[in-house]
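Architecture at a glance
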Amino acid sequence: MKASARAVFASALALVLGQAGCKRGSEEPPEPAASAPPSSPDTRPEAPQEAPPSEQAPSQPVMPPDMHRALTSIAPLVESVKSAVVNVEVREAQPSPGQKSPWGGADEDDSPFGGLPWGSGPQPFGGQQPQEDAPQQGLGSGFIIDPRGLVLTNNHVVADATRIGVQLPDGREFSAKVLGTDPLTDVAVLQLQGDVKKLPVVRLGDSDALRVGDWVVAIGNPFGLASSVSLGIVSAKARDIQVGPYDDFLQTDAAINPGNSGGPLFNLKGEVVGINTAIAGQGSGIGFAVPSNMVRELLPQLEKKGAVTRGWLGLVVQDSSPDLGRALKTPSGEGAVVAQVNEDTPAAEAGLRQDDVIVAADGKPITTGRALTRTVAQKAPGTELKLTVYRDGKKREVKVKLGTRPDLEGVSKRPPPVEDEEAHQRVGLSLSDMDARLARAQELPRAGALVTDVVPGSSAEHADMVPGMVVVEAQGKPVHGATDLVQVMREATPGESVLLRVALPGGRRELRALTAPSNDAP
């Protein structure tokens, strides 16, 4: 029994030593447990005896790493990167303090999006200035990626801004201008102005290398609380949350709140693997970030041209399925099924047909329609793309020369923000031009003046105007954007009732009568 006891002790000691070999901060499993030390020459072998079940040596299952030893503190990581995480303050932006963009946050008492009136699904969010005496300010986050003063943030943080200020943790402040934006992925690049010497920077990492369960760290300015840090894991990858055509988000449970928009998501190497962009309105610990690899692909065009030009096929596609795969005689239920080929497009010129099933592009597997859309969008116009297609059960290769994707969402040429809006501001309205993605999501018209905020106690509130409605007609004239409504309010006689036709989320239309302000109204 002594030999048996020694064997049990040796096995247990080997297991403890194996677990203790897990290095701090390592994400790798521990080294295999060391074998039991050999018996000394003086030890006489004893006849094998069968130990009772309770005393038999335990088996050696695969053990998870000791997480208390693997991650004792992220303080060194935070200290090394937080100086490059900045506060982005948008001044004199089109939206109001309650909501700095059609996608922004407003009131922390409701959902993490501030009680947006148009649904609770995953949406990009923006920070706000919680002080009521700053009626046109908004807060977001960003991070410096180049010592020349390049800052990455979200497009919805700086959309419609007329002035942008950037504050560093060391107290320095800079004005900034928008260098480039891509509304379809919600990415923006800013250029700091002035003396931009000795700037701290962080680098982009490889988001494809992330695994579900890997640790990530979010740093930002939620509710204006600068340099707030939260820790979580990668909950999922390649999430499509239906806010854009190229959704490929990382999902994390790291705490993200309004004001974190545009801030970095770090891996444990201190590399940025995502830009924090959206949260689920009714969820807890469900946040989304634009993957760093997608951002890296956009950067050259955003920096040089200010916008992104994408390749285009001219197809309407849908996801395949096991049933469709059998019906279309493909070997699997994956791929992008061609539902429609538009005339005079690269797809039509290449001979692609309805009911073709695209399963690969340049040798890269295509599993869904969205995957094909993203793959094509990553290519420059004029690129020749080789598609692997199943047609009538036969595999073939089709070469396509990509065209230039048209501005289907109407986001490439947005009018500049309206700065002189005294008339409608005096009645308590804040307005913005309509957003195409919001229109689709909430069944709203694509054109009109979106009400982004209503001042309590104002004429607008008395007229039952509420954020989220869209003014489509004023005094019998069509309203295509915010400037149209502003012009009607300016031309109205003081005290006149201006008849408005408004659209509510879901498509219902109603009338409102808004009293035009007097010239001496506050």
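Here, every reference points to the structure presented above.
These lines cover the structure that appears in this document, whether it is placed above or below. Just so it is clear, the model here is predicted, and its values are computed rather than measured. (Residues numbered from 1 in each chain as written. Predicted model: local features only at pLDDT ≥ 70, side-chain atom pairs only at ≥ 80, totals over all residues. Heavy atoms only, no water.)

Counting secondary structure elements, the protein contains 12 helices and 27 strands. Sequence-distant contacts in the protein: of pairs separated by 6 or more residues, those separated by 24 or more amount to 63%. Carbon and sulfur atoms make up 50% of the accessible area of the protein, which totals about 25,100 Å². (Helix = DSSP H or I, 4+ residues; strand = E, 2+ residues; numbered from the N terminus. Contact = heavy atoms within 4.5 Å. Areas by Shrake-Rupley, 256 points an atom, 1.4 Å probe, with all protein chains shown as cover.)

Moving on to the environment of Ser 284. Structurally, Ser 284 is set in the loop between strand S12 (272-279) and strand S13 (287-291). Residue Ser 284 is classed as exposed on the basis of its relative accessible area of 72%. Measuring from C-alpha to C-alpha, the distance between Ser 284 and Asp 253 comes to 8.0 Å, with 31 residues separating the pair along the chain. (Buried < 20%, exposed > 50% of the residue type's maximum accessible area, 1.4 Å probe, protein only.)

It is worth spelling out empty space enclosed by the protein at this point. Take a probe with the size of a water molecule and roll it over the atoms, and the empty space left behind shows itself. Counted under the stated rule, the structure contains 3 cavities of 30 Å³ or more. Looking at the largest cavity, its volume works out to about 90 Å³. For the lining of the largest cavity, the per-class residue count stands at 8 nonpolar, 3 polar and 4 charged. (1 Å grid on protein atoms, 1.4 Å probe; cavity = no way out; pocket = protein on both sides within 12 Å on 5 of 7 lines; lining within 4 Å. Points joined across faces, edges and corners; volume = space filled by probe spheres on them. Nonpolar A, V, L, I, M, F, W, Y, C, P; charged D, E, K, R; others polar.)

A complete count under the given rule lists 14 salt bridges for this structure. As a salt-bridge pair, Glu 79 and Lys 82 come within 3.5 Å of each other at their nearest N and O atoms. Residue classification places Lys 82 among the partly exposed residues on the basis of a relative accessible area of 31%. Arg 391 serves as the salt-bridge partner of Asp 356, at 2.8 Å between the closest nitrogen and oxygen. In this pair, Asp 356 is assigned in the loop between helix H7 (346-350) and strand S17 (357-361) and Arg 391 in strand S19 (residues 384-391), connecting sequence segments 35 residues apart. For the pair shown, Asp 356 and Arg 391 are each scored as buried. Linked through salt bridges whose partners overlap, the residues forming this network are Asp 146, Arg 148 and Glu 303. (Salt bridge = Lys/Arg side-chain N within 4 Å of Asp/Glu carboxyl O.)

So yeah, pure geometry; function would need other evidence.
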